[in-house]
Amino acid sequence: MRLLFLGDVMGRAGRDAVSERLPGLIAELRLDFVVINGENASHGRGLTEPHFQLLRDAGADAVTLGDHAWDQRDTLSYIVREPTLVRPINFAPGAPGRGANLIEGRNGHRVLVINAQGRVFMDPVDDPFRAVEAAIAACPLGEQADAVIVDFHTEATSEIGAMGHFLDGKATLVVGTHTHIPTADARVLRGGTAFMSDAGMCGDYDSVIGVEIDEPLNRFLTGIATSRFTPSEGEATLSGIFVETDPQTGLATLAQPLRVGGTLPPMLPTT
Ligand SMILES: [Fe+2]
Ligand SMILES: [Fe+2]
């Protein structure tokens, strides 16, 4: 299988880049399955239903969330009827929606998509490690699932690194989201799990993690908030990771970063 994961879509710039570029990438890279983190797609705060549909229409087979999951109140209701929208699995018991789901891709592959939220420099949530472990045990790679994709939404590279090794050999891909900055460590771990500490965002990088520079800079300089954060509207870079799998095992044989458009230097998979 050929998989693409794209990091946090940030505001209009991110949405436009996904709409304009993803259909071409799906054809060019012959992608079987695409997952996008959509937690910031609606003005940097959450994901409205129309914007969820926009990501799906552009080619996302599944959309994941994070700490901004409930910023748009309508997500609490429409997530219940949208099986391809996956929120962190370790939210409090009774949270609406699902934290893991087996989703069929365009070519008939069954992909277990899991979203989890970390606990280092993040709001309190339940244990992400045991929650993800249980979800994979209920739908193992190479048995019910042709691929297992874990979006681990967290701040600290140590925590995502630990998750990668914890799931090595049990997941196809463990990828971090939330920092909005792509890391240079995309690789296949020794047990066959593709890994990248953070996929980076799909947003305008001429910014402070996708936000117009003035207000965050002002807050660091003065400690005083004077206005709201505004998503930066320059051309977005699509940022993520491309993975190829062994069809027998569902494990990764190749993991390469992908960056297209905007101000970051382009990186396209060489396969
Ligand atoms: Fe984010
Ligand atoms: Fe986040």
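As a starting point, this report considers the structure included with it. (Residues numbered from 1 in each chain as written. Chains lettered and ligands numbered in written order. Predicted model: local features only at pLDDT ≥ 70, side-chain atom pairs only at ≥ 80, totals over all residues. Heavy atoms only, no water.)

## Brief notes about the side chain of Thr-179
By secondary structure assignment, the location of Thr-179 is in the loop between strand E8 (173–177) and strand E9 (187–188). Within polar-contact distance, the side chain of Thr-179 engages the side chain of Asp-198 at 2.8 Å. When neighbours within four sequence positions are excluded, Thr-179 is seen to be in contact with Thr-154, Glu-155, Asp-198 and Ile-209. (Helix = DSSP H or I, 4+ residues; strand = E, 2+ residues; numbered from the N terminus. Polar contact = N/O pair within 3.5 Å; in protein donor to acceptor, adjacent residues only side chain to side chain. Contact = heavy atoms within 4.5 Å.)

## Some points on the side chain of Asn-90
You can see Asn-90 is positioned in the loop between strand E4 (85–86) and strand E5 (100–104). Polar contacts involving the side chain of Asn-90 include one to the main-chain carbonyl oxygen of Asp-126, which spans 2.8 Å. With residues near it in sequence (within four places) discarded, Asn-90 still touches Ala-116, Gln-117, Val-125, Asp-126, Asp-127, Pro-128 and Ala-131.

## Observations concerning the sheet that holds E5
Strands sit in the order E5-E6-E7-E8-E10-E9 across an open sheet of 6 strands; the sheet is mixed. Every interior strand has two partners, whereas the edge strands, E5 and E9, have only one. In terms of strand pairing, E9 meets strand E10 (residues 194–196) through 2 bridges, oriented antiparallel. The residue bridging Val-188 from the neighbouring strand is Ala-194, located in E10. In this fold helix H4 (residues 128–137) packs onto E5, strand E6 (110–117) and strand E7 (147–153), with an angle of close to 165° to the strand it touches most, E6. Seen against the sheet, helix H5 (residues 157–166) touches E7, E8, E9 and E10 and runs at an angle of roughly 170° to E8. (Pairing = 2+ DSSP bridges. Axes fitted to C-alpha atoms, helices over the stretch in contact; angles between N-to-C directions.)

## Quick word on unusual backbone geometry
Non-glycine residue Phe-121 carries a positive phi angle of around 60°. In this fold, Phe-121 is placed in the loop between E6 and H4.

## Description of the coordination of the iron ion (ligand 2)
For a metal with four donors in a tetrahedral arrangement, the ideal angle between donors is 109.5 degrees, while six donors in an octahedron ideally sit at 90 or 180 degrees. Protein-derived coordination of the iron ion (ligand 2) comes from Glu-39 (OE), Asp-67 (OD), His-153 (NE2) and His-178 (ND1), at a distance range of 2.1 to 2.2 Å. If you look at the iron ion (ligand 2), its 4 donor atoms make angles of 85 to 144° with each other, and the shape they trace is irregular. Each donor residue of the iron ion (ligand 2) belongs to the same chain, and together they define the spacing E-x27-D-x85-H-x24-H. In this structure the iron ion (ligand 1) is found 3.4 Å away from the iron ion (ligand 2), and Glu-39 serves as a bridging donor for the pair. Remark: His-178 occurs in the loop between E8 and E9 and Glu-39 occurs in the loop between strand E2 (33–37) and helix H2 (49–58); sequence separation between them is 139 residues. (Donors = N, O, S within 2.8 Å, 3.2 Å for Na, K, Ca; no water. Tetrahedral: all angles 85-135°; square planar, octahedral: opposite > 155°, others 65-115°.)

## Quick word on the sheet that holds E2
Within a sheet, each strand pairs with its neighbour through backbone hydrogen bonds, oriented either parallel or antiparallel. An order of E4-E3-E2-E1-E11-E12 is seen for the 6 strands of this open sheet, with the pairing classed as mixed. The outermost strands of the open sheet, each flanked by one partner alone, are E4 and strand E12 (252–260). One ladder, built from 5 bridges, connects strand E1 (residues 2–6) with strand E11 (residues 238–245); its direction is antiparallel. When the sheet's bridge partners are listed, Phe-5 is paired in E11 with Ile-241. Across the face of the sheet, helix H1 (residues 11–28) comes into contact with E1, E2, E11 and E12 while running at roughly 20° to E11.

## Topic: the nonpolar core
Core analysis: the biggest nonpolar cluster contains 35 residues, and Leu-22 and Leu-47 have the highest contact counts within it. Among the secondary structure elements, those contributing two or more residues to this core are E1, H1, E2, H2, E11 and E12. Take this core: its biggest share by element is 6 residues, from H1. With near-sequence residues (within four places) excluded, Leu-47 lies in contact with Gly-38, Ala-41, Ser-42, Phe-52, Leu-55, Val-63, Leu-65, Gln-72, Asp-74, Thr-75, Tyr-78 and Leu-85. Counting 22 residues, the second-largest nonpolar core is a separate cluster that includes Leu-3, Val-243, Ala-252 and Ala-255. (Core = buried A, V, L, I, M, F, W, Y, C linked by side-chain atoms within 4.5 Å. Buried < 20%, exposed > 50% of the residue type's maximum accessible area, 1.4 Å probe, protein only.)

## Side note on the coordination of the iron ion (ligand 1)
Looking at the iron ion (ligand 1), one finds its protein donor set to be Asp-8 (OD), Glu-39 (OE), Asn-40 (OD1) and His-180 (NE2), positioned 2.1 to 2.2 Å from the metal centre. Binding-site remark: the iron ion (ligand 1) is held by donors from one chain whose sequence spacing is D-x30-E-N-x139-H.

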